[in-house]
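# Working through the structure, step by step
As a plain string of letters, each chain reads:
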Amino acid sequence: MRVLAIVAVAAVVLTSPAFGFISYNGVGTGDFLASPIVFEGNMAPPGDIETGLWRITIPDVGWPTEPVAREQYIWNTYYAGNYTPGTPGYWTGRFDVPLNPLYIQDDAPAPDGGTMSGVCELEITFSDNGEVGVLDGDDGCSGSLSGLVIIINDGTGAYDGLCGDGNYFGSFAKDCPNSSETWNFGMYLWLYDCSTPVESTTWGAVKALYQ
Amino acid sequence: MRKLAIAAVAVVLALALAAPASAQMKFMVGSGTGSLLVSPVVYSGTFQPGSQLTGDWVITIDDTGWPTTEPERFNYIWNTFFVPNYTTIPAGSEKWTGKFNAQTLPTAPQFWFEETGGGAYTLGGNITLNILVRDFEVDEYLSGYEKDHDHNFNSTLNPSCDNSTGLYDNTYGTGSLSGGDQNFTTADAIEFVGQVMLSPCESPVESTTWGSIKALYE
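What you see is a predicted model, and the numbers here were worked out from it, not measured in a lab. (Residues numbered from 1 in each chain as written. Chains lettered and ligands numbered in written order. Predicted model: local features only at pLDDT ≥ 70, side-chain atom pairs only at ≥ 80, totals over all residues.)

All right, on to the overall build of chain B then. Helix and strand content of chain B: 4 helices and 12 strands. Counting every position in chain B, which comprises 218 residues, the buried fraction comes to 46%. (Helix = DSSP H or I, 4+ residues; strand = E, 2+ residues; numbered from the N terminus. Buried ≥ 20, exposed ≤ 12 C-beta atoms within 10 Å, placed from the backbone.)

Set out below in structure tokens:
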């Protein structure tokens, strides 16, 4: 099996994480036409987190809730203005203002498990398969996604006192003509000890004196 | 430099689930060097063991109009691409994001993947680049520590029919990649992981016909 061949030769090395490096693979579903927009799923082992839950919520304050109007709003706001002609052309949607809340739950038994939360940016691209610059039935049924991640200091369990940042990349497949879609991605996080916020505050104050 | 650790096996398995039946998904791990501070901006390197793509990779960014000397060049990059994208909400996530793409540059950044040996191929097209710089001190001021910290980055990419040859001749698609070690140095070593999903290009006749049919209904 081809995948197993890849397994055998995959030899990327982890070196010197500051306080901890965590990676996991997420598989889940969501729907931009549903409100609230919640993409949610589980981890796909192997990975540093093998059992648990991830959730990315796309803020939709002010978006129409009626499906046709909502789809048109999303198109006009996030994609139509970001068309790049080519062979074929493609659209790129950026969902980064406001940032998207992220929740990660590691179900490993104590003392290893716990929860993290933060925010992420999301960039989605898909091809204009008809090469006309107009969305047709096949466009947007699959594509790629990636983003940047920030973990804020409100974790629990093994992640208590940690914050950090990271990234993710993956793909999506929509259940066309339905609007629900499946995401598959790998997320990579570098976690730091943020349990002493006084240091940051003090350093900021010192810098302010010299600005 | 901190390297990106990959659960390569699981990524391949997970991503393959989302690829359309007509598409072939290729997982990649790349390492190389480049710099935003050197003109022209060229990141280049090789695909690493574990990749389903082999050979070399190149990413270029159009730096037309950017200063060529320091500190003017970094200041220009910072003020043009990062400062407008400073965010503070929620607390604890304060950051700048630099966005380099077809909408923020004179021309879209380009990528080129190539194998010249056995299994020769080329894949090329447009790519984006987003770089995360944390404001750890929450003061909207870039400190030396924050500037020198390893920065996460991500991209989406679009291989085009015009640039596919050899093993992947007449294919196009989308892809994405990410990494965690961008730095503002003149010889910045980076590593990334990613994927491309490739589909067969339509023949010119098919494309023209389909375009005409769509036009009838618009």
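Having seen the model, we can carry on.
With that out of the way, let us pick up the overall build of chain A. Scanning chain A from N- to C-terminus turns up 3 helices and 9 strands. Starting at the N terminus, the α and β elements of chain A follow one another as α-β-β-β-α-β-β-β-β-β-β-α. In chain A, which comprises 211 residues, the share counted as buried stands at 43%. Contacts in chain A between residues far apart in sequence, at least 24 positions, make up 56% of those at least 6 positions apart. (Contact = placed C-beta atoms within 7 Å.)

Once that is clear, we can look at unusual backbone geometry. Backbone torsion omega between Ala 110 of chain A and Pro 111 of chain A reads 10 degrees, so that peptide bond is classified as cis. Mapped onto the fold, Pro 111 of chain A is located in the loop between strand E5 (90-106) and strand E6 (114-127). The step from Glu 70 of chain B to Pro 71 of chain B runs through a cis peptide bond, and the omega angle for that step is 5 degrees. Turning to its location among the elements, Pro 71 of chain B is positioned in the loop between strand E3 (56-61) and helix H2 (72-82). Its identity as a non-glycine residue notwithstanding, Val 138 of chain B has a phi of 55 degrees, on the positive side. Residue placement: Val 138 of chain B occurs in the loop between strand E8 (129-134) and helix H3 (144-148). Despite not being glycine, Glu 140 of chain B shows a phi value in the positive range, around 55 degrees. Of note, Glu 140 of chain B is situated in the loop between E8 and H3.

Residue and element names in this part refer to chain B. On average, residues of chain B score 88 in pLDDT, and 83% of them are at 70 or above. Taken together, the stretch residues 1-10 has pLDDT below 50 and engages in 46 contacts with residues farther than four places along the chain or on a different chain. Confidence over residues 205-210 falls short of pLDDT 50; this stretch has 4 contacts with residues more than four positions distant or in other chains. Both scores are given for the predicted complex: the pTM is 0.88, the ipTM 0.89. (pLDDT = per-residue confidence, 0-100.)

Attention shifts here to the nonpolar core. Residues and elements named next belong to chain A. Cys 120, Val 149, Ile 151, Met 187 and Leu 189 are the most contacted members of the largest nonpolar core, which has 84 residues in total. Of the residues forming this core, the biggest block, 7 residues, is contributed by strand E9 (residues 180-193). In contact with Ile 151, not counting residues within four places along its chain, are Met 116, Gly 118, Cys 163, Gly 164, Asp 165, Leu 189 and Leu 191. (Core = buried A, V, L, I, M, F, W, Y, C linked by C-beta atoms within 7 Å.)

On to the pairing of E5 of chain A, then. All names here are of chain A. Burial of E5 is extensive: 12 of the 17 residues sit out of reach of the surface. The pairing of strand E3 (residues 52-58) with E5 spans 5 bridges and is antiparallel. Across the sheet, the residue bridging to Ile 56 is Leu 102, located in E5. Pairing of strand E4 (residues 83-84) with E5, which is carried by 2 bridges, proceeds in the antiparallel orientation. (Pairing = 2+ DSSP bridges.)

To continue, consider the confidence of the model for chain A. Any region with low pLDDT has predicted coordinates that should not be read closely. All names here are of chain A. Predicted confidence across chain A gives a mean pLDDT of 86, with 83% of residues reaching 70 or more. In this model residues 1-18 is a low-confidence stretch, pLDDT under 50, and it forms 33 contacts with partners more than four residues away in sequence or in other chains. Scored below 50 in pLDDT, residues 198-211 shows 13 contacts in the model against residues more than four places distant or in partner chains.

Moving on to the environment of Ile 190 of chain B. All names here are of chain B. Assignment of secondary structure puts Ile 190 in strand E12 (residues 188-200). Overall, the presence of 24 C-beta atoms within 10 Å leaves Ile 190 in the buried class. Put simply, Ile 190 and Pro 40 are 150 residues apart on the chain and 17 Å apart in space, counted from C-alpha to C-alpha. Not counting the four nearest positions on each side in its chain, Ile 190 is found in contact with Gly 32, Gly 34, Tyr 43, Gly 179, Asp 181 and Gln 182.

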